[in-house]
Amino acid sequence: MVDHTVKAFDEDITRLRGLIAEMGGLAELAIQEALEALISGDDELGQQVVARDKKLDMLESEVDAMAVRLLALRAPMAGDLREIIAALKIAGVVERIGDYAKNIAKRVGRIEGRSRFEPLTLLPAMGEVAAEMVHDVLTAYAARDPVLAREVIERDAKVDAFYDSLFRNLVSHMVENPATISSAAQLLFVARNLERIGDHATNVAEMVHFAAVGSYPTDIER
Amino acid sequence: MVTNPISNAEPKMRARDVSVYYGTKKAIDAVSIDIPTEYVTAFIGPSGCGKSTFLRTLNRMNDTIASARVEGRIELDGEDIYESGMDVVQLRARVGMVFQKPNPFPKSIYENVAYGPRIHGFAEGKADLDAVVERSLRRAGLWEEVKDRLEDSGTALSGGQQQRLCIARAIAVEPEVILMDEPCSALDPIATAKIEELIDELRGRYAIVIVTHSMQQAARVSQRTAFFHLGHMVEYGETSQIFTTPRETRTQDYITGRYG
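Not measured: the values here are computed from a predicted model.

A. A look at the overall build of chain B. Scanning chain B from terminus to terminus reveals 10 helices and 10 strands. Principal axes of the C-alpha set define a box for chain B whose edges measure 55 × 45 × 35 Å. For chain B, the share of sequence-separated contacts (at least 6 apart) that also reach a separation of at least 24 residues comes to 67%. For chain B, the accessible area works out to roughly 11000 Å², and carbon and sulfur atoms hold 48% of it. Side chains of chain B carry 31 positive and 36 negative charges; the gap between the two charge centres is 3 Å.

B. The arrangement of empty space enclosed by the protein in detail. Residue and element names in this part refer to chain A. Applying the stated rule across the entire model yields 1 cavity of 30 Å³ or more. Within this model, the largest cavity holds a volume of roughly 50 Å³. Every residue along the wall of the largest cavity is listed here: L26, A30, V49, R52, D53, L56 and G98. Listing elements by their share of the lining of the largest cavity, those giving two or more residues are α1 (7-40) and α2 (43-74).

C. Structural view of the confidence of the model for chain B. Residues and elements named next belong to chain B. Of all residues in chain B, 97% attain a pLDDT of 70 or more, and the chain-wide mean is 92. Across residues 1-5, where pLDDT falls below 50, the model places 12 contacts with residues more than four positions away in sequence or in other chains. Taken over the whole predicted complex, pTM reads 0.81, whereas the ipTM for its chain interfaces reads 0.71.

D. Quick peek at the layout of surface pockets. Residue and element names in this part refer to chain B. Considered as a void within the structure, the largest pocket measures approximately 480 Å³ in volume. For the lining of the largest pocket, the elements supplying multiple residues, two or more each, are α2 (88-94), β6 (95-98), α3 (109-119) and α6 (159-171). If one sorts the elements of the lining of the largest pocket by residue count, α3 sits on top with 6 residues. Grouping the amino acids of the lining of the largest pocket by side-chain chemistry returns 14 nonpolar, 6 polar and 2 charged.

E. Main features of unusual backbone geometry. Residues and elements named next belong to chain B. Positive phi, normally seen in glycine, also occurs at D77, with a value near 50°. Along the chain, the position of D77 falls in the loop between β4 (68-76) and β5 (79-80). Given a relative accessible area of 44%, D77 falls into the partly exposed group. For E174, which is not a glycine, the phi torsion comes out positive at approximately 50°. For E174, the location among the structural elements is in the loop between α6 and β7 (177-181).

F. Molecular detail of the pairing of strand β1 (residues 13-22) of chain B. All names here are of chain B. Summarising the sheet, β1 and strand β2 (residues 25-35) pair through 7 bridges and their orientation is antiparallel. Following the sheet pairing, R14 is matched in β2 by D34. Relative to β4, β1 is paired through 8 bridges, and the arrangement is antiparallel. Bridging across to β4, R16 finds its partner in R73.

G. Region of interest: the pairing of β7 of chain B. All names here are of chain B. For β7, the buried fraction is high: 5 of the 5 residues fall into the buried class. Here β7 shows no split at all, with V177, L179 and D181 on one side and I178 and M180 on the other all buried. Following the chain from β7 across helix α7 (residues 189-202) to the adjacent parallel strand β8 (residues 207-211), one finds a crossover that is right-handed.

H. Region of interest: the sheet that holds β1 of chain B. Residues and elements named next belong to chain B. The sheet built from 4 strands is open, its strands ordered β2-β1-β4-β5 with antiparallel pairing. Because the sheet does not close on itself, it has two edges, and the strands there are β2 and β5. Judged from the 2 bridges that link them, β4 and β5 form a sheet pairing that is antiparallel. Within β5, the residue paired with L76 across the bridge is E79.

I. The arrangement of the side chain of R169 of chain B in detail. All names here are of chain B. Looking at the element boundaries, R169 is found in helix α6. In this structure R169 is buried but unpaired, with E111 as the nearest side chain of opposite charge at 11 Å. Residues within four places of R169 in sequence aside, it is in contact with N103, P104, F105, N112 and V113.

Conventions adopted
Residues numbered from 1 in each chain as written. Chains lettered and ligands numbered in written order. Predicted model: local features only at pLDDT ≥ 70, side-chain atom pairs only at ≥ 80, totals over all residues. Heavy atoms only, no water. Helix = DSSP H or I, 4+ residues; strand = E, 2+ residues; numbered from the N terminus. Contact = heavy atoms within 4.5 Å. Areas by Shrake-Rupley, 256 points an atom, 1.4 Å probe, with all protein chains shown as cover. Lys, Arg positive; Asp, Glu negative; His and termini not counted. Charge placed at Lys NZ, Arg CZ, Asp CG, Glu CD. 1 Å grid on protein atoms, 1.4 Å probe; cavity = no way out; pocket = protein on both sides within 12 Å on 5 of 7 lines; lining within 4 Å. Points joined across faces, edges and corners; volume = space filled by probe spheres on them. pLDDT = per-residue confidence, 0-100. Nonpolar A, V, L, I, M, F, W, Y, C, P; charged D, E, K, R; others polar. Buried < 20%, exposed > 50% of the residue type's maximum accessible area, 1.4 Å probe, protein only. Pairing = 2+ DSSP bridges. Right-handed = clockwise from strand over helix to strand, strands pointing away. Salt bridge = Lys/Arg side-chain N within 4 Å of Asp/Glu carboxyl O.

Rendered as structure tokens:
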């Protein structure tokens, strides 16, 4: 895209995009480390993830303030307007993704008998897909790439399939091993959180598509 | 090239393949557009894009420029306004105009408004004329401010009041279309807001076309926006569409401040 005649406007938008990218990086890392902590039972790592979530909250506030300032001072139009509105909404959603990762990290200490838990081995693969969705949707945002955004949306079906499979798996595990119900329920929440992260990445993808071309992807069920 | 994709209603004015030349220089190239009534249509574009030139073809103001030549067809209610039998004075009453700088006559406020109806024979007798003057000043949102000083000179009013006086003068002769050429560029924000509010009130009654350099103003007051560039009408559509999802890259670049 051609530069603005007013250079400071470009600098502001670049800064806004930088903040969103930083948020995305933190959210992705939070998902990965929360799962790592969960699988290995590393309570300390889990606490780090929880503590670092504050940074995401701060960045979200920063994006909000910056977007409001840009709307007030620059009166953006067309693509610029869509971009700033999208940034405002994306920041809120990425912050939620961070909350889900934090919630996973909080459960690290509540899982007992890790070695006997077969469903535990499914979670990293599911987490990887969800984290990848977050990673790719922010790449799509940075590149204003509606095609990649659409790919991310399609990938959500994979996360949903993982969730269904884990759900069945955990339920039968609970039936067969009533003593593990408490831990299995914890894992169910973890799976649920990852499924929600996939949904939120899908929402971000829709906003990326909107910012890039001015419409939501129509042929995909919202 | 680009025609009107939006209005189903019979347009008040219709331009087809209109080109305007100043001598050998082509200022407008084959513009086709439908101007609906009861809507505000805004023309935007950089200086020299031809938006004011095109506006002036709509009531033959370009006739006063010796070197100007208009090709193509412009209709008012289906009637060709450039045909030889057209009474230009009558045309300019039906298609009124408000200019950038308020230009009241150096006469009383009353006379400024009464002049048109009198020469066009719209009012019989003093009482009739008084009623036309009051109604026009009311519609222009100026009555309450000037009703006790109608004999004061129009030029003694503030800039914003003068511009509303000019609008009252234009609507006194019962026009069907009002053309406004940057009507607020010489006014402060409060006077501008009053004119914009007035435009919004008037649009239910007339077809209004406004040329403005302020994109914010076009966004605020119009329902249709046409973007002109280098004599071409690049894009014409609903104002909300033009300012959120313009179809043309040139429109996008201009309204987001990336022009040249």
